[in-house]
Amino acid sequence: DAMVIQNPRYQVTQFGKPVTLSCSQTLNHNVMYWYQQKSSQAPKLLFHYYDKDFNNEADTPDNFQSRRPNTSFCFLDIRSPGLGDAAMYLCATSTPGQGYNEQFFGPGTRLTVL
Amino acid sequence: GDSVTQMEGPVTLSEEAFLTINCTYTATGYPSLFWYVQYPGEGLQLLLKATKADDKGSNKGFEATYRKETTSFHLEKGSVQVSDSAVYFCALSEKNTDKLIFGTGTRLQVFP
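Just so we're clear, the structure is a prediction, and the values are computed from it rather than from any experiment.

### Re the state of the cysteines
Then, number 1: Within this structure, the stated rule accounts for two disulfides over all chains.
Then, number 2: Here A:Cys23 pairs with A:Cys91 through a disulfide, and the sulfurs are 2.0 Å apart. Its S-S torsion of approximately -75 degrees makes the covalent link between A:Cys23 and A:Cys91 left-handed. One end of the pair, A:Cys23, is in strand E3 (residues 19–25); the other, A:Cys91, is in strand E9 (residues 87–94), with 68 residues separating them in the sequence. Pair check on accessibility: A:Cys23 and A:Cys91 agree, each one buried.
Then, number 3: In this model, B:Cys23 is linked to B:Cys90 through a disulfide, with the two sulfur atoms separated by 2.0 Å. The S-S bond linking B:Cys23 to B:Cys90 shows a torsion near -70 degrees; that makes this disulfide left-handed. In this pair, B:Cys23 is assigned in strand E4 (residues 23–26) and B:Cys90 in strand E10 (residues 86–93), connecting sequence segments 67 residues apart.
Then, number 4: Under the relative-accessibility criterion, B:Cys23 is labelled buried at 1%.
Then, number 5: Among the cysteines around A:Cys74, which has no disulfide bond, A:Cys91 carries the closest sulfur, lying 6.1 Å off.
Then, number 6: Exposure remark for A:Cys74: the relative accessible area of 0% places this residue in the buried category.

Listed below in structure tokens is the structure:
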């Protein structure tokens, strides 16, 4: 089945220690998103890629970076995690051309910062 | 700017009760509307969608009708089950944009 895969599902890191979260997709979608979600709040968009074009949200801290080496993979790098960065991180994909933006989500990575 | 407003939760129901979760939106154009569901510890799953006025989305016994005149997209189910316990997010997407605008989510708790 075509899908969005996130690894790992659970990640524990130490305060200030860089961490990378991974997302891959078999849907061949052009657009990939990273969201941060805290305590069943609405997901908050951090940034997205349209093909290789990177689109950062204005309020995304510099501590968060992303890489998309090819269509299938996208990475979220947190350079110096703080306690406030503990959250669920969701990856999603979509494809333009339908006239609407239906997004397909992965299962998420829950990040714990000690 | 565009926005989505959902009723506050939690919504607590007994099994087989009727469910309504209200959702209204503000948009400059003619958006597409979505309901996503999030089970504990999981990502979001698309539950149903409607892409134009008067469309009815339906899936797994859930329904929602796109009402342009009242700018609403209320989620309904005739008989809820314990397994429906989750957080439900209403969302909109303007035509030909890359982003979803989410509501704050409504937690549903169904008890046997």
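### Thoughts on the interface of chain B and chain A
Then, number 1: Across the boundary between the two partners, chain B contributes 24 residues, which contact 22 residues of chain A.
Then, number 2: Surface buried jointly by chain B and chain A totals about 1,800 Å² across both partners, of which 52% is contributed by carbon and sulfur atoms.
Then, number 3: Considering only the side of chain B, the residues that lose the most area to chain A are B:Leu44, B:Asp98 and B:Lys99, jointly responsible for 28% of the buried surface there.
Then, number 4: Note that B:Lys99 and A:Glu57 form a salt bridge whose closest N and O atoms lie 2.9 Å from each other.
Then, number 5: Run the count over chain B and chain A and you get six residue pairs in polar contact (both at pLDDT 80 or more).
Then, number 6: Residue assignment for the side of chain B that touches chain A shows that the elements contributing at least two residues are strand E5 (32–38), strand E6 (44–50) and E10 of chain B.
Then, number 7: It is E5(B) that provides the largest number of residues to the side of chain B that touches chain A, a total of four residues.
Then, number 8: When its residues are assigned to classes, the side of chain B that touches chain A shows eight nonpolar, ten polar and six charged.

Conventions adopted
Residues numbered from 1 in each chain as written. Chains lettered and ligands numbered in written order. Predicted model: local features only at pLDDT ≥ 70, side-chain atom pairs only at ≥ 80, totals over all residues. Heavy atoms only, no water. Disulfide = S-S within 2.5 Å. Helix = DSSP H or I, 4+ residues; strand = E, 2+ residues; numbered from the N terminus. Buried < 20%, exposed > 50% of the residue type's maximum accessible area, 1.4 Å probe, protein only. Contact = heavy atoms within 4.5 Å. Buried area = accessible area lost by both parts, 1.4 Å probe. Salt bridge = Lys/Arg side-chain N within 4 Å of Asp/Glu carboxyl O. Polar contact = N/O pair within 3.5 Å; in protein donor to acceptor, adjacent residues only side chain to side chain. Nonpolar A, V, L, I, M, F, W, Y, C, P; charged D, E, K, R; others polar.

This is a description of form; function is not addressed.
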